[in-house]
Amino acid sequence: MEAEYKVEEQVLTIYLPKELDHHVADKIRRESDTFLEEGQIRKVIFDFSDTIFMDSSGIGMVLGRVKRLRLLGGSVEACQVGNSVYRILNMSGLERVISIKRRETTWEK
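Right, let's get into the pattern of salt bridges. Tallied over the entire structure, the rule returns 10 salt bridges. For Lys27, the salt bridge identified is with Glu2, shortest N-O distance 2.6 Å. Residue Lys27 is found in helix α1 (residues 22-38), and its partner Glu2 is found in the segment before β1 (4-8); the two are separated by 25 residues along the sequence. For Lys6, the salt bridge is made with Glu8, and the minimal N-O distance between the two is 3.4 Å. Its relative accessible area of 36% is what places Lys6 among the partly exposed residues.

Put into structure tokens, the structure is as follows:
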């Protein structure tokens, strides 16, 4: 499964796939950069609803969007973050940089 994108006004929502590894992260980086270059995007929301695995390249990709959006005066947030991905985001320190909204339920996919 690949990432899906939705743009509403100045918000780009990226629906991440089940596994966010090097190949997927690189593709999302390129595709999201295209949206940022073409539009007036001021906020990126990463939707982790389906994501159960993420490696360091996923962290780098998210951090890169944070840096890019800050230069544009925008922001980044993560939503629907499950327990396993939350642990990774928390250990990486991203929780201090972006808003992270966890899943309402305690179950994992």
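Structure's up, so let's keep going.
The next subject is the sheet that holds β1. What the 5 strands build is an open sheet, ordered β1-β2-β4-β6-β7; its pairing is mixed. Because the sheet does not close on itself, it has two edges, and the strands there are β1 and β7 (99-102). Averaged over neighbouring strand pairs, the angle between their axes works out to 15 degrees when direction is ignored. Where strand β2 (residues 11-15) lies against strand β4 (residues 43-47), 5 bridges are found, and the strand directions are parallel. By the bridge assignment, Thr13 is partnered in β4 with Ile45. Sheet strands in contact with α1 are β1, β2 and β4, and its direction is about 20 degrees off that of β1.

Generally speaking, nonpolar side chains in soluble globular proteins are found buried as a group. Membership of the largest hydrophobic core comes to 27 residues, with the highest contact counts inside it found for Ile14, Leu20, Val44, Phe46, Phe48, Val81 and Leu89. When contributions to this core are tallied by element, the ones reaching two or more residues are β2, α1, β4, α2 (56-71), β6 (75-81) and α3 (83-92). Top element by residues in this core is α2. It accounts for 5 residues.

Criteria and thresholds
Residues numbered from 1 in each chain as written. Predicted model: local features only at pLDDT ≥ 70, side-chain atom pairs only at ≥ 80, totals over all residues. Heavy atoms only, no water. Salt bridge = Lys/Arg side-chain N within 4 Å of Asp/Glu carboxyl O. Helix = DSSP H or I, 4+ residues; strand = E, 2+ residues; numbered from the N terminus. Buried < 20%, exposed > 50% of the residue type's maximum accessible area, 1.4 Å probe, protein only. Pairing = 2+ DSSP bridges. Axes fitted to C-alpha atoms, helices over the stretch in contact; angles between N-to-C directions. Contact = heavy atoms within 4.5 Å. Core = buried A, V, L, I, M, F, W, Y, C linked by side-chain atoms within 4.5 Å.

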